[in-house]
Amino acid sequence: MKATGIVRRIDDLGRIVIPKEIRRTLRIRESDPLEIFTDREGEIILKKYSPIGEMNTFAKQYAESLAQVSGHTAIIADRDQFIAASGGYKNAIGKSISRDLEEKLDKRETFLASKGERSFIPIFDENDGDYVHEAVGVIICEGDVIGAVILLDDDNRSKMGEVEKKLILSAAAFLGRQMQA
């Protein structure tokens, strides 16, 4: 654990404020769920809770099926990081999503784009991709954005279209419903 030097008092309702700098660094937004852990030494640990991350194995299997059916790389992300990938970019698992993708998720935008178009954004936080086409569908559970289904392709000759859009929309809807169950 790393000390920050920041000390906060608990108010009369048992609340404590997490400083803005820490929330920004850890990408904690208003209404984000936090899981609370304690240890034997009396420490309290707050961890960002990812409902879709709880379905890691299922998400991996779903990404594999989606990649097989679509012929594209399939990636599933929660609101902060990539949790499953198939057909390429498996090294992305556990890495942070880009700020641009985070903004698109906040706006609940489903989109298809090709490199060179205005709507094309980097998906990865670091420049980890040579893909030229992307399709992103937003996973919504009980009215809240919880992640995304992403298809990527590095073939300049083919372009993603209506089929890919319907695939990501149905995958996102299915995963969102699975989280409600």
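Small disclaimer: the values here were computed from a predicted structure and weren't measured. (Residues numbered from 1 in each chain as written. Predicted model: local features only at pLDDT ≥ 70, side-chain atom pairs only at ≥ 80, totals over all residues. Heavy atoms only, no water.)

**A few points about the packing of aromatic side chains**
Here is step 1: Tallied over the full model, the rule gives 8 aromatic pairs.
Here is step 2: Note on Phe58 and Phe174: the rings are 6.0 Å apart at their centroids and 35 degrees apart in plane angle, and the pair reads as tilted. Of the two residues, Phe58 is situated in helix α2 (residues 56–70) and Phe174 in helix α4 (residues 162–180); the sequence distance between them amounts to 116 residues.
Here is step 3: By the ring-pair criterion, three or more aromatic residues cluster together here, those being Phe82, Tyr89, Phe120, Phe124 and Tyr131. (Phe/Tyr/Trp six-rings, centres within 6.5 Å; stacked < 30°, edge-to-face > 60°. Helix = DSSP H or I, 4+ residues; strand = E, 2+ residues; numbered from the N terminus.)

**Comments concerning the packing of α2 against α4**
Here is step 1: Contact geometry for α2 and α4: axes closest at 12 Å, N-to-C directions at 165 degrees. By the criterion of interaxial angle, the relationship of α2 to α4 is roughly antiparallel. In this structure, α2 meets α4 at a crossing whose hand is right-handed. Each of Phe58, Tyr62, Leu66, Val69 and Ser70 in α2 lies in contact with α4, whose residues at this interface are Leu167, Ser170, Ala171, Phe174, Leu175 and Gln178.
Here is step 2: Residue composition of the contact of α2 with α4, grouped by class: 8 nonpolar, 3 polar and no charged. (Axes fitted to C-alpha atoms, helices over the stretch in contact; angles between N-to-C directions. Parallel < 35°, antiparallel > 145°, perpendicular 65-115°, else oblique. Left-handed = near helix turned anticlockwise from the far one by under 90°. Contact = heavy atoms within 4.5 Å. Nonpolar A, V, L, I, M, F, W, Y, C, P; charged D, E, K, R; others polar.)

**Looking at the pattern of salt bridges**
Here is step 1: By the definition in use, this model includes 6 salt bridges.
Here is step 2: Here Glu109 and Lys104 are joined by a salt bridge, their closest N and O atoms 3.0 Å apart. (Salt bridge = Lys/Arg side-chain N within 4 Å of Asp/Glu carboxyl O.)

**Comments concerning the environment of Lys166**
Here is step 1: For Lys166, the location among the structural elements is in helix α4.
Here is step 2: For Lys166 and Ile121, which are 45 residues apart along the polypeptide, the C-alpha to C-alpha distance reads 20 Å.

**Points about α2**
Here is step 1: Between its terminal C-alpha atoms α2 stretches 21 Å, which fits the 21 Å expected from 15 residues at 1.5 Å a residue.
Here is step 2: What α2 keeps buried is the set Ala59, Ala63, Leu66, Ala67 and Ser70. Along the long axis of α2, the arc covered by the buried residues comes to 100 degrees, so they all point the same way. In α2, the exposed positions angled more than 90 degrees off the buried face are occupied by Thr57, Gln68 and Val69.
Here is step 3: Residues of α2 that are buried sit in contact with β3 (73–78), β4 (82–86), β7 (144–153) and α4.
Here is step 4: Positive backbone phi, approximately 80 degrees, marks Gly71, located one or two places after α2. (Expected span 1.5 Å × (residues − 1). Buried < 20%, exposed > 50% of the residue type's maximum accessible area, 1.4 Å probe, protein only. Arc of directions from axis to C-beta.)

**Examining the environment of Val69**
Here is step 1: Summarising the element assignment, Val69 is placed in helix α2.
Here is step 2: For Val69, a relative accessible area of 63% puts it in the exposed group.
Here is step 3: Separated by 43 residues in the primary sequence, Val69 and Leu26 have C-alpha atoms spaced 35 Å apart.

**Focus: a nonpolar patch on the surface**
Here is step 1: On the surface, a cluster of nonpolar side chains totalling about 330 Å² of accessible area is made up of Met1, Phe37 and Ile45.
Here is step 2: Mapped onto the secondary structure, Met1 falls in the segment before α1 (20–25). (Patch = residues over 30% accessible without salt bridge, like charges linked within 9 Å, V, L, I, M, F, W, Y side chains within 5 Å. Areas by Shrake-Rupley, 256 points an atom, 1.4 Å probe, with all protein chains shown as cover.)

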